[in-house]
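The lines below spell out each chain.
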Amino acid sequence: MKPELRGTMATELPAKLRVFSLNCWGIRFLSQHCAQRYEMIGELLDKEQHDIALLQEVWSEKDFLFLKGKLSSSHPHTHYFKSGVIGSGLAVFSKHRIQDALLYQYSLNGYPYMLRHGDWFGGKAVGLVIVDVFGLKAHVYVTHLHAEYSRAQDEYLPHRIVQSWELLQFVRHTSCGADLVILGGDLNMHPQDLGNRLLRSHTGLRDCFTETDMFDGCEDGHTLIADNHFTKKQDLIPFEKGIRIDYILIKAASEHFVLKVDVLEAGKLGKRKDLSEFDKDPIVMAIRLGLSISKTAALVGCSRSAEGSQRVNMKCESLSTTKGSVNDKPFPFSDHEALTAELALLRSEDSRQHGWRNAPPVSERMDVTAEARAVVKEGLCQTEALRDKAVRLMCGTLVLLLLALLPCLCHSSFSTAGFLGAVCMGALLSGALLYLLFTTHIKVLKETEDQMLLTSDELQTKLTGCRVSGSSSSDSSPELQPSRPFKREE
Amino acid sequence: MTTSAPIRLRVFSLNCWGIRYLSKNCIERFVLIGDLLNQEQLDMALLQEAQHGDWFGGKAVGKVLLNISGLTVHVFVTHLHAEYCREKDLYLPHRVVQAWELQQFIRHTSAGADVVILGGDLNMHPDDLGTRLLRNYTGLLDSFSEAAKFDGCEEGFTYISENPFTHTDGLVPFGGGVRIDYILFKGSGEVDVSCESLSTTKGPVPGQPFPYSDHEALTAEFLFTPTKKGNGCSEREFGYISDKLPELINTVNEARTEVKVGLHCSERMRHTAARTGIMGLVLLVLELAIAAVPLFALGAEQPFPKASFYLLGALCFAVLLSTLMLYIFYSIEVKALQGTEDQMRLALSSLHERIKESPKVLSSDHLRNPQYNKDSVHLKPDS
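Residues numbered from 1 in each chain as written. Chains lettered and ligands numbered in written order. Predicted model: local features only at pLDDT ≥ 70, side-chain atom pairs only at ≥ 80, totals over all residues. Heavy atoms only, no water.

Undergrad: Mind showing me how you'd approach the sheet that holds strand S13 (residues 246-252) of chain A here?
TA: Sheets are built from strands paired through backbone hydrogen bonds, the pairs being either parallel or antiparallel. Residue and element names in this part refer to chain A. The mixed open sheet is built from six strands, whose spatial order is S5-S6-S7-S8-S13-S9. Two strands bound the open sheet, and with one partner strand each, they are strand S5 (98-105) and strand S9 (206-207). Here seven bridges tie strand S8 (residues 180-186) to S13, and the two strands are oriented antiparallel to one another. Across the sheet, Gly184 pairs through a bridge with Ile248, a residue of S13. (Pairing = 2+ DSSP bridges. Helix = DSSP H or I, 4+ residues; strand = E, 2+ residues; numbered from the N terminus.)

Undergrad: Is there a simple way to think about the side chain of B:Glu49 in this case?
TA: All names here are of chain B. Turning to its location among the elements, Glu49 is positioned in the loop between strand S2 (44-48) and strand S3 (61-68). On the basis of relative accessible area, Glu49 is assigned to the buried category, the value being 11%. Discounting chain neighbours no more than four positions away, the residues touching Glu49 are Asn15, Cys16, Trp17, Gly18, Ile19 and His79. (Buried < 20%, exposed > 50% of the residue type's maximum accessible area, 1.4 Å probe, protein only. Contact = heavy atoms within 4.5 Å.)

Undergrad: What exactly am I supposed to notice about the UniProt feature "transmembrane region" (unreviewed entry) in chain A here?
TA: On the UniProt side, "transmembrane region" (unreviewed entry) is annotated at positions that read residues 420-438 of chain A here. Across residues 420-438 of chain A one finds 100% helix and 0% strand; the C-alpha atoms that close the span lie 27 Å apart. (UniProt positions renumbered as here; feature names shortened; annotations may be inferred.)

Undergrad: Quick question: what am I supposed to make of the domain arrangement of chain B here?
TA: How big an interface is tends to be stated in terms of accessible area lost as the parts join. Residues and elements named next belong to chain B. Looking at chain B, the domain boundaries give domain 1 (7-228) and domain 2 (256-298 + 305-364). For domain 1 and domain 2, the distance between their C-alpha centres works out to 35 Å. Taken residue by residue, the interface counts ten residues in domain 1 and eleven residues in domain 2. Buried area between domain 1 and domain 2, both sides added, is near 920 Å², and the carbon and sulfur share of it is 74%. Counting the surface domain 1 buries against domain 2, the share from its top three residues, Pro93, Val97 and Trp100, is 46%. Counting the contacts that link domain 1 with domain 2 gives zero salt bridges. Mapped onto the side of domain 1 that touches domain 2, the elements with two or more residues apiece are helix H2 (92-109) and helix H3 (129-138). (Domains from an automatic or database assignment. Buried area = accessible area lost by both parts, 1.4 Å probe. Salt bridge = Lys/Arg side-chain N within 4 Å of Asp/Glu carboxyl O.)

Undergrad: Would you explain the packing of H2(B) against H3(B) in this entry?
TA: Between two packed helices, what matters for the description is the angle formed by their axes and the separation of those axes. Residue and element names in this part refer to chain B. Look at H2 against H3: their axes get within 9 Å of each other, and the N-to-C directions meet at 15°. Taken together, the axes of H2 and H3 lie roughly parallel to each other. For the pair H2 and H3, the crossing hand works out as right-handed. Here Val96, Ala99, Trp100, Leu102, Gln103, Ile106 and Arg107 of H2 lie close against H3, whose contacting residues are Leu129, Gly130, Leu133, Leu134, Tyr137 and Thr138. By residue class, the composition of the contact of H2 with H3 is nine nonpolar, three polar and one charged. (Axes fitted to C-alpha atoms, helices over the stretch in contact; angles between N-to-C directions. Parallel < 35°, antiparallel > 145°, perpendicular 65-115°, else oblique. Left-handed = near helix turned anticlockwise from the far one by under 90°. Nonpolar A, V, L, I, M, F, W, Y, C, P; charged D, E, K, R; others polar.)

Here you go:
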């Protein structure tokens, strides 16, 4: 694929894009009125004609195929992400052509023995579809994170932080060539929760609810409300009215122009003294919207620059949610409310009036990463403790086996010996499996911690590096932000 | 642009055979490896196998991003599932899926890279389906084929019979060695990458009692030169070369067939597990029913056969538990294979679209297709 001069291509801008997201609660035999609700959802999607519909908890493939059939004329392009034992439950219905799909399954997703919670069996994942939208390349992510069962004492918090981290890494590393980035789904996190702040600060994704011009829906944008027929009031405690845990997050590539600078030329200007140490050469800078490429290049005294992004901006014009009950229908679409966002795609020149789009400051990102790292470390301790328990279980069982079997054999009470033997074998096997499970969890937590440390170090370098270049520039230009939002910082 | 000096990079790759308690002379070999890496002035060393056991060793691909003199270099290191029996490769579907997932990962995360390097033990021969899929779809080049200078085992073998640690019997049909470790590379619109030299170790190490590992080590030297065109546009998409499109489509089709075969097998295994489980359940129920009968009998004429009751019960329970776990395991495998097949189908339709849009193809009438996608009003001027 030759490099594309997309910037000069005529696309039909400005344009509108309507995105829909809903956690369908499609657990056959368990969720209520499943079949009828899928009928209703199918009708809704057919009538509303969204550009892209992102569904979660479509656990049964039959339900997906039903929707696919019903929407075959309105949404001819679909993808169903399969992972885990039961499947990820993630499905995408699109008017526009899906060029490619990629799935990433989270490394930690609860425990198989927590059958009551069942998250482990649904392979929680993030799916990516690359959609061709009016000639632009849209990377659309749909995901569903581990549920929060107890806010006061969240035993799954390390798992959910790891999922948030893996989600943001996935988005950052795969959205490089995108013009538009859209993320929809059930994050199972409140807007200011650590995982959410981590996600937004590292990816630069913006919450449609906070950004939108017009909003029509539940108070405070709640997506799991007490008024909904299906929600259990005790699940919402201590939040009486509802909680906001489903989101549509957006970002457009051109918000941060990426300027690649010929470092050898920059080196001649003596901007950095330690150019010889190749691994300490963060040279790439980003400019805020409005500053021309040539002016920026002149600022750092470089003659050569490369533009690596598209002149498109995306803004949320309106957001709406369902409000529990549905007109003319006996019950709502799901226990969650549905989100519909109307996004405007504009040429970046047209959107200059919107002002600077700030990348989250480096210090904020460092703080939130440190906070997340602490949670992961805590999780590591807890899991190591669990693994020790598994070892103790195995040892204890072995001892019991020996102690109990001997007297039984002496009295040749074969049946009791057999029974005890069976029980002990069962306990030993469970202990061994648990040991393996916790070992994998520990490895994942350690890997995540290492990645967070790496990121923190990079941010630290940026923080100190940024000050050096900022002070040496004689212009009264705005502070140059050395972040490259779609790419991993160097 | 012509004044900027080209950059050299030395990359090393080795499967270290680091299975504690199992691989021979493990500790001493790691000391040797450490010394080697210290003295060789390498820019980058990619190591595999600090752990073993295919299922337990969570085979994965790792990625690091480097900034070398202002260039973004994406480096991938990986280790794929081993091939235990070439004639009847039970793991072929798994390996094809791994190769597919590897190329997906590389393609989707390298869109802004100036240079991409992949090193590791792919456990596949150069012309195997998985290797072809990986190379064709990503456009990565094999350093062995591209190197200006080569010094090492004949035909670039990386697992050879001369190495005292290897199992020589399996290597006889291949002429004494196989090439299963690679360093692959690719440049971009901004940077040309060429492989100046490639070298491998040749089994025993002079002056040392044994080799570094059962695999040979690869060392490649690359040269990065800025391209003359430097039109300033970084590549928006990372992948194949348009000329190779038909070949790529064939390879993906071939891979898809393998995945379908694997899927079929997996579904059959899952079905067997389910049937066995149900049989175990039926047996258990039957046994409980039989055991219950004496309770209704008047008087205890026959002693209750406790021993056989418990034994049979334990057996049924064990069968139930193990078939349940197998069912779960096969379900995961089935889902993974189905997911991969879906992705391949999607990819194939995308590739077919590209071929239709390709200017070379448009000129040939017999390929003109009246049906067009209502979304793409403009034919893309590229590709």
